[in-house]
2 protein chains.
Amino acid sequence: MITKVHHINILVRDLQLAVSRYQAAFAIEHFEYGDLPERGVKTARFRAGESWIVLLEPIDAEGVPARHLAEHGEGLFLLSLGVDSIDKSRSHIDSSGGGVIDASERLGLEGWKVLDLDPNTFSGAVLQLTED
Amino acid sequence: MITKVHHINILVRDLQLAVSRYQAAFAIEHFEYGDLPERGVKTARFRAGESWIVLLEPIDAEGVPARHLAEHGEGLFLLSLGVDSIDKSRSHIDSSGGGVIDASERLGLEGWKVLDLDPNTFSGAVLQLTED
């Protein structure tokens, strides 16, 4: 069911500062930038093999990422696991005891179809599925 | 420099409970188990494409993982990025402004050579490099 680590989100207070530090330390040649107003964040991301590392700066204090940052501070926020089919994965999780937060998927960066899972089911980890 | 997401560590209070939930929800066929007494954890891990997802339960209250769990709770703990060479990567990071915690690498699960980075340099994220 899980095909790869699709992306990992890291919450930061200052996106440009984070980009400059990651770029220098890891000799990253290229960042992709993108805003996601529905989540209240601006983002910059770079490749790590088949995965994306996404730096997120909240720009809306009421959004889920901003509230997570206020509660937990900066750092690792969300792990999104790649799957072939959101619909089949949701059906499997529902039949295995549950763990899906929303009835339907939403759109992430670049129109990725994502499905948020319930941290209470996964020992506190903020997990998500992305259909690739 | 970064070749892939080598592994992601998720801190849990009850490893067997976490394994049973992840296994059921994601139809995971196989877990690898391993203790890492130097870090004070027992672990179970499964593949996600080219990456490992590692569930960690602290068994030593004085270890770094146990202290992180006490301070931050369960959930995503550490992101380890794959590199071809720890030595070359450390030299580059040192020359780019720093960010390495220890002077030398240590051994992780399965004898992986790992190098811990300083969260203060990377906007609060607990990062590590693993030589693959």
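Parameters and conventions
- Residues numbered from 1 in each chain as written.
- Chains lettered and ligands numbered in written order.
- Predicted model: local features only at pLDDT ≥ 70, side-chain atom pairs only at ≥ 80, totals over all residues.
- Helix = DSSP H or I, 4+ residues; strand = E, 2+ residues; numbered from the N terminus.
- Rg over C-alpha atoms; globule rule 2.2 N^0.38 Å.
- Buried ≥ 20, exposed ≤ 12 C-beta atoms within 10 Å, placed from the backbone.
- Contact = placed C-beta atoms within 7 Å.
- Nonpolar A, V, L, I, M, F, W, Y, C, P; charged D, E, K, R; others polar.
- Pairing = 2+ DSSP bridges.
- Least-squares fit on C-alpha atoms with pLDDT ≥ 70 in both.
- Core = buried A, V, L, I, M, F, W, Y, C linked by C-beta atoms within 7 Å.

**Notes on the overall build of chain A**
Move 1: Along the backbone of chain A there are three helices and eight strands.
Move 2: From first element to last, N terminus to C terminus, chain A shows the α and β order β-α-β-β-β-α-β-α-β-β-β.
Move 3: Taking 132 residues into account, the globule formula puts the C-alpha radius of gyration at 14 Å, and chain A, at 15 Å, falls close to it.
Move 4: Structurally, chain A occupies a C-alpha span of about 45 × 30 × 25 Å along its principal axes.
Move 5: Scored against the burial criterion, the 132 residues of chain A give a buried share of 46%.

**A look at the interface of chain B and chain A**
Many authors give the size of an interface as the accessible area that is lost as the parts come together.
Move 1: Contact with chain B, which involves 39 residues of that partner, is made by 39 residues of chain A.
Move 2: Mapped onto the side of chain B that touches chain A, the elements with two or more residues apiece are β1 (2-11), α1 (15-26), β5 (75-83) and α3 (86-95) of chain B.
Move 3: When grouped by side-chain class, the residues that make up the side of chain B that touches chain A number 21 nonpolar, 14 polar and four charged.

**Comments concerning the sheet that holds strand β2 (residues 32-36) of chain A**
Residues and elements named next belong to chain A.
Move 1: Reading across the sheet, the eight strands line up as β2-β3-β4-β1-β5-β8-β7-β6 and stay open at both edges, with mixed pairing between neighbours. Edge positions in the sheet fall to β2 and β6 (106-107), since each of these pairs with one other strand and no more.
Move 2: Pairing analysis gives eight bridges linking strand β1 (residues 2-11) to strand β5 (residues 75-83), with the strands arranged antiparallel. Considered in β5, the bridge of Lys 4 is made with Gly 82.

**Quick look at the relation of the copies chain B and chain A**
Move 1: With an axial shift of 0.0 Å and an RMSD of 0.0 Å, the rotation relating chain B to chain A amounts to 180 degrees. Classification of the inter-copy transformation places it as that of a two-fold axis.
Move 2: Both copies share a contact surface, since 100% of the interface residues of chain B are interface residues in chain A too.

**Section: unusual backbone geometry**
All names here are of chain A.
Move 1: Even without a glycine there, the phi angle at Ala 27 is positive, about 50 degrees.
Move 2: Here Ala 27 is to be found in the loop between α1 (15-26) and β2.
Move 3: You can call Ala 27 partly exposed: it has 13 C-beta atoms within 10 Å.
Move 4: The phi torsion at Ser 123 lies on the positive side, around 50 degrees, for a residue other than glycine.

**Digging into the nonpolar core**
Move 1: Counting residues in hydrophobic clusters, the biggest one holds 72 residues, and the most contacted among them are A:Ile8, A:Ile10, B:Ile8 and B:Ile10.
Move 2: Beyond its immediate stretch of four places on either side in the chain, B:Ile10 contacts A:Ser123, A:Ala125, B:Ile53, B:Val54, B:Leu55, B:Leu56, B:Gly75, B:Leu76 and B:Phe77.

**Looking at the environment of A:Leu56**
Move 1: In this structure, A:Leu56 sits in strand β4 (residues 51-58).
Move 2: For A:Leu56 and A:Asp118, which are 62 residues apart along the polypeptide, the C-alpha to C-alpha distance reads 20 Å.

Purely geometric numbers; function is a separate question.
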